[in-house]
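Descriptive analysis of the structure
So you can see what is in the structure, the chains are spelled out below.
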Amino acid sequence: MAADLTDFGNWLAVPSVVCLWAAVLLRAPGALRSPQQRGLWLAVATAAAAMTLNLPDVVARAMERGAAYAHTIGLVRNLIGVLSAGAVLYFVAAATRGRRLQLASCAATVAWLTALVALDAAAPGHGTHTMPPVGDPVPSLAYWLVLISAHVIANTVCVGLCWRYSRRTESRGLAAGLRLFGLGTALAGLFWVAYLAKALFASTWAMPALPLLMNLHGLLRAAAILVPTLFTLRRTFADITTAWRLWPLWRDLVEAVPHVALNKPRSSRLAELLWPPVQRDLLVYRKVIETRDAILILGEYARPGALEQARGHVAGHGIPEQRRTAAALARVLKDARRAKLAGLPGQAGEAAALELPAAIQSSNEGGDLADEARFLVDVAEAYTSPATTEEVNAS
């Protein structure tokens, strides 16, 4: 059982390192521009470097090239690991705006790195750094206690503050990132606590689980720094979906009232989404604003009381009020658009003839644009409904 656990943990090493490096490269452009994310990115990047040097194949090849080479790889791996621990503390300090903790993390990192180099140089000649199942730690117990203390202290502080601030923040993305990072850090902390038990008490019962703990920690940290990317992708997908569903209504209204459009419409819905005439993150905003402006203008071509009358024709019990209003507005807009295109005179200055639904009124007065977008999607669905077209043609 213990051997199987170790084998599974070792098998997970390469996927964990690959995921870490993929996350580091994907997040590099945004993270390096943001002081708040820079520490987190550095912590994960250095952890990825240390874990790369700790891959079983890398360690085996280092041993094959001789004791001096294996010693260099082991020392560099440990130094990078301590740098990662310091970056963890710096990330937490930056996220919590703790100036003193930022300075303390930098000072502690320098002290730990200096102590490790000094203790390594003072130790008798040795190969790779290791904590063997039997015998004394290499290069020395003091070296390993400094190394372990750096990780345990940094991880403990990080887990506590990640949990604390993940419960306080109102940002779901930040909360998810902090919790994933905190959980991954907790697993790394358990890894080093097991090493501490081995160093002080020769306890080896937890050793078979160590590769699994370290590599799960890598996967969780990779997920933590990808949270902003995932939230951005989700928001982008939602915007594309909204713009796609709004397009038939927007296209028809802009055709009737072309001056409300900031840019000339593309030839097709697909072209509009693949090559938007505005910044992609403004696409839904522009569609909603231009649709609303077109509705306001077409209100001059609607008969007084047309919306209320149309609502009376929307049959069906149990239909939500917003969908009933959306269906009624779709019918009125079809009629008003037809009148505008036919060249019939509007009632200038009397747009109140079309009483705006609450969702559009509240947004027009500084309310929630997302609510208006959802309402206009309902209008667009009703607008393209064959039933609505038949009712307008029959009237």
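Residues numbered from 1 in each chain as written. Predicted model: local features only at pLDDT ≥ 70, side-chain atom pairs only at ≥ 80, totals over all residues. Heavy atoms only, no water.

**Some thoughts on the packing of aromatic side chains**
Let me state the cut-off plainly: The pairing test for Phe, Tyr and Trp rings, Trp by its six-membered ring, is centres within 6.5 Å, and the orientation test on the planes gives stacked under 30 degrees, edge-to-face over 60, and tilted for anything in between. What counts as a helix is a DSSP run of H or I of at least four residues, what counts as a strand is a run of E of at least two, and both are numbered from the N terminus. Residue burial is assigned from relative accessible area. The probe radius is 1.4 Å, only protein chains are included, and a residue is buried under 20% of its type maximum, exposed over 50%, and partly exposed in between. Think of it as a cone above the ring: NZ of Lys or CZ of Arg counts as a charge over the ring if it is within 6 Å of the ring centre and within 35 degrees of the ring normal.
On inspection of all chains with the given rule, the structure shows six aromatic pairs. With centroids separated by 6.0 Å and ring planes inclined at 20°, the aromatic side chains of Phe 8 and Trp 11 adopt a geometry described as stacked. In this pair, Phe 8 and Trp 11 both sit in helix α1 (residues 2–11), three residues apart, roughly one turn of the helix. Ring geometry for Trp 144 and Tyr 195: centres 5.6 Å apart, planes at 20°, overall stacked. Placement of Trp 144 in helix α7 (residues 141–168) and of Tyr 195 in helix α8 (residues 172–201) is noted, with a sequence separation of 51 residues between them. Assessed through its relative accessible area of 4%, Trp 144 is described here as buried. One aromatic cluster is present, formed by Tyr 143, Trp 144, Phe 191, Trp 192 and Tyr 195 through successive ring pairs. Lying across the ring of Trp 244, Arg 269 places its NZ or CZ 4.2 Å from the centre.

**Brief notes about the side chain of Ser 105**
Note the threshold: Whenever two N or O atoms come within 3.5 Å, that pair is a polar contact, provided that in protein one can donate a hydrogen and the other can accept it, and provided that, for residues adjacent in sequence, both atoms are side-chain atoms. Any pair of residues with heavy atoms lying within 4.5 Å of one another is described as a contacting pair.
Along the chain, the position of Ser 105 falls in helix α6 (residues 99–122). A polar side-chain atom of Ser 105 sits 2.7 Å from the main-chain carbonyl oxygen of Gln 102. The contact partners of Ser 105, leaving out residues within four places of it in the chain, are Gly 86, Leu 89 and Tyr 90.

**Structural notes on the UniProt feature "transmembrane region" (unreviewed entry) in the protein chain**
Which entries qualify depends on this criterion: UniProt positions are given in the numbering used here, feature names are shortened, and annotations may be inferred rather than shown by experiment.
Look at the UniProt record and you will see "transmembrane region" (unreviewed entry) annotated at residues 12–32, 39–56, 68–91, 103–123, 143–165, 177–197 and 209–231. End C-alpha atoms of residues 103–123 are separated by 30 Å, and the span's content is 95% helix alongside 0% strand. A distance of 30 Å separates the end C-alpha atoms of residues 177–197, which is 100% helix and 0% strand.

**Digging into the state of the cysteines**
Applied cut-off: Here, a disulfide means two cysteine sulfur atoms that sit within 2.5 Å of each other.
By the definition in use, this model includes zero disulfides. Cysteine Cys 162 shares no disulfide, and the gap to the nearest cysteine sulfur, in Cys 158, comes to 3.7 Å. Judged by its relative accessible area of 3%, Cys 162 falls in the buried class.

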